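Per-entry structural report
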Amino acid sequence: MLKYYNLDIVFQEIPNEVSLAINITNCPNHCKGCHSPHLQEDIGEELTKSVLSDLLEKYGNAVTCVCFMGGDNAPEEILQSAKFFRKYGIKTAWYSGKKALPNSDFTQYFNYIKLGAYIESLGGLDSPTTNQRLYRIENGEMFVVGFK
Ligand code: SF4
């Protein structure tokens, strides 16, 4: 089951997109130095189909992309949620803390995917030494984005 803690409208997480960031809880990754430890807790509201429909109605005209921040505890549900927004012509992005995608379906339903755990000594996506990578996906192929 996916739960989310809160929402943000963000401009930098995905280049050239105005994104609705959905901050997913129950993160299983337990990175040392985690920047958002509350997202490791089992808190927040369930991200049901009805909530997705409400978000579409409320933000569908205000954003160009929906970005799922987390969700490694239930990747299939992240995939289904992405499919929902893609039906309405909204781009989709996923920030995962895993090294690799669960399967190739994810390259069909996401426009952007960030992979890689947060490693304190290497820094986040904005660090030149980071292990994390943001990919743009076109026709099932992943291309590294270097935007920071
Ligand atoms: S993936 Fe993100 S939220 Fe989860 S433990 Fe690592 S830094 Fe924290």
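Scope of this entry: the structure provided in the associated data block. (Residues numbered from 1 in each chain as written. Predicted model: local features only at pLDDT ≥ 70, side-chain atom pairs only at ≥ 80, totals over all residues.)

1. Quick look at the overall build of the chain
Summing up its helical and strand segments, the chain has 3 helices and 8 strands in all. Listing every helix and strand of the chain by position from the N terminus yields β-β-β-α-β-α-β-α-β-β-β. Relative to its length of 148 residues, the chain is compact, with a C-alpha radius of gyration of 14 Å against a globular reference of 15 Å. Along the three orthogonal principal directions, the C-alpha set of the chain runs to about 40 × 35 × 30 Å. Expressed as a percentage of the 148 residues in the chain, the buried residues total 30%. (Helix = DSSP H or I, 4+ residues; strand = E, 2+ residues; numbered from the N terminus. Rg over C-alpha atoms; globule rule 2.2 N^0.38 Å. Buried ≥ 20, exposed ≤ 12 C-beta atoms within 10 Å, placed from the backbone.)

2. Overview of the site of the ligand
As a structural note, the neighbourhood of the ligand is formed by 13 residues, with Cys-27, Cys-31, Cys-34, Gly-97 and Tyr-118 the closest of them. Considering only residue class, the shell around the ligand consists of 6 nonpolar, 7 polar and no charged. (Near = placed C-beta within 6 Å. Nonpolar A, V, L, I, M, F, W, Y, C, P; charged D, E, K, R; others polar.)

3. Details of helix H2 (residues 75–86)
In this model, H2 (12 residues) spans 16 Å end to end at C-alpha, consistent with the 16 Å of a helix rising 1.5 Å per residue. Every buried residue of H2 is accounted for by Ile-78, Leu-79, Ser-81, Ala-82 and Phe-85. Along H2, the residues classed as buried sweep out an arc of 165° about the axis, all on the same side. Buried positions along H2 lie against helix H1 (49–59), strand S4 (65–69), strand S5 (91–95) and helix H3 (106–109). (Expected span 1.5 Å × (residues − 1). Arc of directions from axis to C-beta. Contact = placed C-beta atoms within 7 Å.)

4. A short note on the sheet that holds strand S8 (residues 141–145)
Pairing is mixed across the open sheet formed by 8 strands, whose spatial order is S3-S1-S2-S4-S5-S6-S7-S8. The sheet terminates laterally at strand S3 (45–46) and S8, the two strands that pair on one side only. Where strand S6 (residues 112–115) and strand S7 (residues 133–138) come together, 4 bridges link them in antiparallel fashion. In the sheet register, Lys-114 faces S7, and the bridge partner there is Leu-134. (Pairing = 2+ DSSP bridges.)

5. Considerations on the pairing of S7
As judged from the 5 bridges shared by S7 and S8, these two strands associate in the antiparallel manner. Across the sheet, residue Glu-138 finds its bridge partner in S8, namely Glu-141. The hairpin formed by S7 and S8 contains 2 residues between the paired strands, and Asn-139 there has a positive phi angle of roughly 50°.

6. Re the environment of Ala-100
By the element assignment, Ala-100 lies in the loop between S5 and H3. Residues Ala-100 and Asn-26, spaced 74 residues apart in sequence, show a C-alpha to C-alpha distance of 19 Å.

7. Observations concerning unusual backbone geometry
In this structure, Asn-16 is a non-glycine residue whose phi angle is positive, near 65°. You can see Asn-16 is positioned in the loop between strand S1 (3–10) and strand S2 (19–24). Residue His-30 is not a glycine yet carries a positive backbone phi of 50°. Of note, His-30 is situated in the loop between S2 and S3. Judged by C-beta crowding, with 10 C-beta atoms within 10 Å, His-30 ranks as exposed.

8. With respect to the nonpolar core
Counting 28 residues, the largest nonpolar core has Ile-22, Val-66, Cys-67, Phe-68 and Ala-93 as its most contacted members. Only S2, S4, H2, S5 and S6 provide two or more residues apiece to this core. Residue contributions to this core peak at 5 residues, all from S4. Beyond its immediate sequence surroundings of up to four residues, Val-66 is in contact with Ser-19, Leu-20, Ile-22, Phe-85, Ile-90 and Thr-92. (Core = buried A, V, L, I, M, F, W, Y, C linked by C-beta atoms within 7 Å.)

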